[in-house]
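Residue-level structural notes
So you can see what is in the structure, the chains are spelled out below.
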Amino acid sequence: MRKNCKRYEMMLYLSFPVTMFWISNQAEYFEEYIVKRKREIFPPDEKMHRKELEDFKERMRDRKERRLLKRMALEEAEKD
């Protein structure tokens, strides 16, 4: 009886990864899930969205430059 249980247990241990591998390599699954998910994460460029992103980058550059200039001014004041 114990040997029979071990066989079923081993069959379960081996069938689970094989089944998962088979499911994840289905072309339909790839098309339906992966491609849709990729399009959600990286949507096609929209002009308005792109402009907002460029404006944000420019504001961050200006902010960083102001901080750098302020730090340099403080260092100059400390030297004098």
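Residues numbered from 1 in each chain as written. Predicted model: local features only at pLDDT ≥ 70, side-chain atom pairs only at ≥ 80, totals over all residues. Heavy atoms only, no water.

Okay, the overall build of the chain next. When helices and strands are tallied, the chain shows 3 helices and 0 strands. Secondary structure elements in the chain, listed N-terminal to C-terminal, are α-α-α. Scaling as 2.2 N^0.38, a compact globule of 80 residues should have a C-alpha radius of gyration of about 12 Å, whereas the chain reaches 29 Å, well beyond that. In terms of overall dimensions, the chain has C-alpha extents of about 90 × 40 × 10 Å along its principal axes. Residue burial in the chain is summarised as follows: out of 80 residues, 1% are buried. (Helix = DSSP H or I, 4+ residues; strand = E, 2+ residues; numbered from the N terminus. Rg over C-alpha atoms; globule rule 2.2 N^0.38 Å. Buried < 20%, exposed > 50% of the residue type's maximum accessible area, 1.4 Å probe, protein only.)

What follows is about the pattern of salt bridges. Following the criterion strictly, the structure yields 4 salt bridges and no others. The shortest N-O distance in the salt bridge between Asp55 and Lys51 comes to 3.4 Å. Pair noted here: Asp55 and Lys51 are both in helix 3 (residues 47-79), with a separation of 4 residues, about one helical turn. Glu54 is the salt-bridge partner of Lys57, the closest N and O atoms lying 3.8 Å from each other. One end of the pair is Lys57 and the other is Glu54, both in helix 3 and 3 residues apart, which spans about a single turn. Here Lys57 falls in the partly exposed class, since its relative accessible area comes to 36%. Glu54 gets classed as partly exposed once you look at its relative accessible area, which sits at 36%. (Salt bridge = Lys/Arg side-chain N within 4 Å of Asp/Glu carboxyl O.)

On the surface, Phe16, Met20, Trp22 and Ile23 cluster together into a nonpolar patch covering about 450 Å² of accessible area. You can call Trp22 exposed: its relative accessible area is 56%. (Patch = residues over 30% accessible without salt bridge, like charges linked within 9 Å, V, L, I, M, F, W, Y side chains within 5 Å. Areas by Shrake-Rupley, 256 points an atom, 1.4 Å probe, with all protein chains shown as cover.)

In this section: the confidence of the model for the chain. Averaged over all residues, the pLDDT of the chain is 86; the fraction at 70 or higher stands at 98%. Mean pLDDT values over the elements of the chain span from 80, in helix 2 (residues 27-41), up to 91, in helix 3. (pLDDT = per-residue confidence, 0-100.)

As a further point, take helix 2. End to end, helix 2 covers 20 Å across 15 residues, agreeing with the expected 21 Å (1.5 Å per residue, within 8%). Counting buried positions along helix 2 yields 1 of 15 residues, so the element is predominantly exposed. (Expected span 1.5 Å × (residues − 1).)

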